[in-house]
Amino acid sequence: MEKSGYVIEVEHLTKRFGNFTAVDDISFDVRRGEIFGFLGANGAGKTTAMRMLTGLSFPTSGKGRVAGFDIWTQSELIKKHIGYMSQKFALYGDLTVNDNMELFAGIYGVPKAEARSRIDLLLDRLSLMPEKNSPVKDLPQGWKQKLAFSVAIIHRPEIVFLDEPTGGVDPAARRQFWELIYEAVDEGITAFVTTHYMDEAEYCNRISMMVDGRIDALDSPHALKEKYGASSVAEVFDILARGAERSE
Amino acid sequence: MDLEGDFTIPKGELFGIIGPDGAGKTTLFRILATLLRPDEGTVTVEGMDIVRDYRTIRTVLGYMPGKFSLYSDLSVRENLEFFASVFGKDVKENAGLIENIYCRLRPFEKRKAGNLSGGMKQKLALCCSLIHSPSVLLLDEPTTGVDPSSRRELWENLAELRDKGMTIIVSTAYMDEADRCGKVAMMKSGKFLLAASPSDIVSGFGKRLASVRSDDMFRLLHDLRSMEGVGKCYTFGDTHHIILKDGTDMTEELVGEQLVSVYGHTGVQVRRIRASLEDCYMNLGEE
């Protein structure tokens, strides 16, 4: 299959619940190999949009392709070709580090022979080899998060969706986590990230800002700062969020 | 947790606690909230002993745990009324105290708490912890998962409460929030490594710090780490921050020159900067 330069292509995507328009006619692309920051206030529609992109819900109208598959007709194929991790996503605490990895490799259909070498590689990279046979629940939170990320990319997806992966994490552990994202992207995986930390938004190649279900801005952090005359992405966020009507 | 020595928090202080997961922040909160007995040591809240006087302490204490702990099946209003009644109060009595926060929830008064969005749940939890007008408020990571605008609003609310004389102890993973506290304790492995005002922490930094950027930020991170004289290097928004080792001949200018001539970077900028609270945190415990 010829791979296009885009991993996500979305046109006029809309989702309504009754008379509430959660996602309001958004169109955007995510380029292969980039870190795309998907920002917005609580309630702006990020989660609803992500659910459509990950094949968990259908839009009311609009078109979209994720990892080359149609969000209307091929949602099951999308699920196989993406990775997903959220702050809430739980590994199985009673299973060991190794068992969790084997389990998810199996679920994602990684051939057994290959799974072993990939798991060892990931364990090695995370320096988790000595903890291989420890139950996940005994690991410190920071390690759990790194492990959850590794599990999310164990099948080498084209794109990994990270839903507030660093919520509540201290500044040192957040930075370690971002270096894992950098490494995965360096190996060709595309990263789609939501975060409320505006310094993390600066690490993205491009960011979009959702306001009231719309995408009101989309560009590189540098270009957005220039456009809005702001010194940081945090300021850009403030300027855009001020116009929101459904703020909390 | 093993807090050595004494520490006191004066009345009306906004006291922040920061530290990695597992540092003991939540355990400390649970002890202060009289939910957990310390193995050793004593604590007094408003002059009362947390073991002996726990019943009285609970009437003057507001506690918002990190985990959502309201009744999901009750509506917004019902939750508020329930928590007021537990303390033998009426919602109307202290309505003024929560008005600035509750006004955002009023349109959803009849909605079940379980069906609120994350930001709204947090606001309701704060209202419920305030409705009996406590003199001491304990907030365990109140802004996790909350967007930047709502975070700022919450901190404006906290400043108002402090100005009314309330003592507030709050843990956070955000350094910009810690910066708003009168005093900040940095906690690690069950100990306070440092407890001082943000300005004192920052002025005591004592290391040579520079911000660096180039056109290839990912490679820059690794290249900086391999450089002689660079002690530590970490990402910092749209730049990387480096610590120049004590006694090294390396200067900001030399770092810049080498990045261009040895490592082939373009668009290089190196600037000497002053530390922020986040820099202090990143370099904690590495004396």
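Residues numbered from 1 in each chain as written. Chains lettered and ligands numbered in written order. Predicted model: local features only at pLDDT ≥ 70, side-chain atom pairs only at ≥ 80, totals over all residues. Heavy atoms only, no water.

**Student:** What exactly am I supposed to notice about the overall build of chain B here?
**Tutor:** Scanning chain B from terminus to terminus reveals 11 helices and 12 strands. Overall, the C-alpha framework of chain B stretches about 70 × 45 × 30 Å when taken along its three principal axes. Across the 287 residues in chain B, those meeting the buried criterion constitute 48%. The long-range fraction of contacts in chain B, counting pairs at least 24 apart against all pairs at least 6 apart in sequence, stands at 67%. Carbon together with sulfur atoms contributes 47% to the accessible area of chain B, which is approximately 13800 Å² in total. Within chain B, one finds 36 positive and 42 negative side-chain charges whose respective centroids are separated by 6 Å. (Helix = DSSP H or I, 4+ residues; strand = E, 2+ residues; numbered from the N terminus. Buried < 20%, exposed > 50% of the residue type's maximum accessible area, 1.4 Å probe, protein only. Contact = heavy atoms within 4.5 Å. Areas by Shrake-Rupley, 256 points an atom, 1.4 Å probe, with all protein chains shown as cover. Lys, Arg positive; Asp, Glu negative; His and termini not counted. Charge placed at Lys NZ, Arg CZ, Asp CG, Glu CD.)

**Student:** What am I meant to see in the pairing of strand 10 (residues 230-236) of chain B here?
**Tutor:** Regular strands show a simple pattern: their side chains alternate between the two faces of the sheet. Residues and elements named next belong to chain B. Here strand 10 pairs with strand 11 (residues 239-244) via six bridges, running antiparallel. Along strand 11, the bridge assignment pairs Cys233 with Ile242. If you look at the hairpin formed by strand 10 and strand 11, you'll find two residues sitting between the two strands, and Gly237 has a positive phi there, around 60 degrees. (Pairing = 2+ DSSP bridges.)

**Student:** Mind showing me how you'd approach the nonpolar core here?
**Tutor:** Inside soluble globular proteins, nonpolar side chains tend to come together where they are buried. Residues and elements named next belong to chain A. Counting 53 residues, the largest nonpolar core has Ile35, Phe149, Ile181 and Met209 as the members making the most contacts within it. A per-element tally of this core places helix 6 (residues 171-186) first, with seven residues. If near-sequence neighbours (up to four positions away) are discounted, Ile35 is found in contact with Trp178, Ile181, Tyr182, Val185, Ala191, Val193, Tyr203, Cys204, Asn205 and Arg206. (Core = buried A, V, L, I, M, F, W, Y, C linked by side-chain atoms within 4.5 Å.)

**Student:** Could you clarify how one ought to interpret the environment of Asp249 of chain B in this entry?
**Tutor:** All names here are of chain B. Structurally, Asp249 is set in the loop between strand 11 and helix 10 (252-261). Classification of Asp249 as exposed rests on a relative accessible area of 69%. Once the C-alpha coordinates of Asp249 and Ser199 are considered, the two residues, 50 residues apart in sequence, prove to be 29 Å apart.

**Student:** Explain the pairing of strand 7 (residues 183-188) of chain B to me, please; I cannot follow it from the model alone.
**Tutor:** Bridge count between strand 1 (residues 14-18) of chain B and strand 7 of chain B: four bridges; the pairing is parallel. Along strand 7 of chain B, the bridge assignment pairs Phe15 of chain B with Lys183 of chain B.

**Student:** What exactly am I supposed to notice about the domain arrangement of chain B here?
**Tutor:** Residues and elements named next belong to chain B. Splitting chain B by domain gives domain 1 (14-202) and domain 2 (205-282). Each of domain 1 and domain 2 was reduced to a C-alpha centroid, and the two centroids are 38 Å apart. Opposite the 11 residues of domain 1 that make contact, domain 2 presents seven residues. Carbon and sulfur atoms supply 74% of the area buried between domain 1 and domain 2, which totals about 730 Å² over both sides. When the buried surface of domain 1 facing domain 2 is broken down by residue, Met175, Met186 and Val202 rank first, second and third, together holding 66% of it. Summed over the shared surface of domain 1 and domain 2, the number is zero salt bridges. Counting across the interface, domain 1 meets domain 2 through one residue pair in polar contact (both at pLDDT 80 or more). Put simply, the parts of the chain that give the side of domain 1 that touches domain 2 at least two residues each are helix 7 (175-178), strand 7 and helix 8 (198-203). (Domains from an automatic or database assignment. Buried area = accessible area lost by both parts, 1.4 Å probe. Salt bridge = Lys/Arg side-chain N within 4 Å of Asp/Glu carboxyl O. Polar contact = N/O pair within 3.5 Å; in protein donor to acceptor, adjacent residues only side chain to side chain.)

**Student:** Just checking my understanding: could you explain the packing of aromatic side chains for this structure?
**Tutor:** Aromatic ring pairs are defined here through the distance separating the ring centres and the angle between the ring planes. Per the counting criterion, the structure on display carries 19 aromatic pairs over all chains. Taking 5.3 Å as the distance between ring centres and 70 degrees as the angle between the ring planes, the aromatic pair formed by Trp178 of chain A and Tyr203 of chain A counts as edge-to-face. Remark: Tyr203 of chain A occurs in the loop between helix 7 (198-201) and strand 9 (206-211) and Trp178 of chain A occurs in helix 6; sequence separation between them is 25 residues. A single burial state applies to Trp178 of chain A and to Tyr203 of chain A, both of which are buried. Here the aromatic cluster, defined as three or more aromatic residues joined through ring pairs, consists of Phe28, Phe36, Phe38, Phe161 and Phe192 of chain A. The ring of Tyr197 of chain A has Arg174 of chain A lying over it, and the distance from NZ or CZ to the ring centre is 3.7 Å. The positively charged end of Lys207 of chain B is found above the aromatic ring belonging to Phe205 of chain B, 5.9 Å away from the centroid. (Phe/Tyr/Trp six-rings, centres within 6.5 Å; stacked < 30°, edge-to-face > 60°. Lys NZ or Arg CZ within 6 Å of the ring centre and 35° of its normal.)

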